[in-house]
Each structure stands twice: as C-alpha cells, then as structure tokens.
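Listed below are the residues making up each chain.
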Amino acid sequence: VDRLESDLKYGTRGRKLALVALEIDYFERLERYHGEVVSHRVLEGVKELFDTHGVAGQFVARLQGGRFAVLLPDHSQEKAAKY
C-alpha cells in the first residue's frame, strides 16, 4: 500500500498511469469446493502469470479473494485494455 500511495502521489508526475481491475471467475466457489490448498495453488499460478507476462514497473495487489488491482506505469487506457 505504501508503494501504491507513493507512486500515485510522486512517481507519476507527467507520466501516464493505468489501473486495471481483474477478477478470477468463480474463485470463491473453487475455494469452497476444493479447499484452501487448491485455491492457494491457483493464486500462485496467477502470480506466475503476472511475473512472466507483466510489464516493467507494474504493481500488483490482491484485493480480496480472486480480485486484483494492477497499476501500469506509462500505459494509456487503450494500451492497458490490451494487458
């Protein structure tokens, strides 16, 4: 949270910044039926996807359950939509 606040307050002056909200469909159902171990493995897979296919300087935060916020520096709305 501190980094996010800092980036929003100081680190983006004169630069574009996009915020993308993502949700894993049916994550709560998966967790309910298959348990914490399986849902944790899914979250690890999602982290790996962000790490492998993300962009330099991105900031990823898990909000709740299968919901994430991704801050993309130097991204326009159009470029972020392709993320």
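As a reminder, the structure under discussion sits directly above these lines.
Residues numbered from 1 in each chain as written. Predicted model: local features only at pLDDT ≥ 70, side-chain atom pairs only at ≥ 80, totals over all residues. Heavy atoms only, no water.

With that out of the way, let us pick up helix H2 (residues 27-53). Taking 1.5 Å per residue as the helical rise, H2 with its 27 residues ought to reach 39 Å, whereas the 21 Å between its terminal C-alpha atoms falls clearly short. The sharpest bend along H2 reaches about 135° and sits at Gly35. The set of residues buried in H2 consists of Phe27, Ser39, Leu43, Val46 and Phe50. Looking at the packing, one finds that the buried side of H2 touches strand E1 (17-23), strand E2 (59-64) and strand E3 (67-73). (Helix = DSSP H or I, 4+ residues; strand = E, 2+ residues; numbered from the N terminus. Expected span 1.5 Å × (residues − 1). Bend = angle between axes of the 7 residues up to and from the residue. Buried < 20%, exposed > 50% of the residue type's maximum accessible area, 1.4 Å probe, protein only. Contact = heavy atoms within 4.5 Å.)

On to the nonpolar core, then. Counting 10 residues, the largest nonpolar core consists of Ala18, Val20, Phe27, Leu43, Val46, Phe50, Phe68, Val70, Leu72 and Ala80. Looking at this core, the elements that each hand over two or more residues are E1, H2 and E3. Looking at which element gives the most residues to this core, the answer is H2, with four residues. Setting aside its immediate chain neighbours within four residues, Phe68 contacts Val20, Ala21, Leu22, Ile24, Leu43, Val46, Phe50, Val60, Ala61, Arg62 and Leu63. (Core = buried A, V, L, I, M, F, W, Y, C linked by side-chain atoms within 4.5 Å.)

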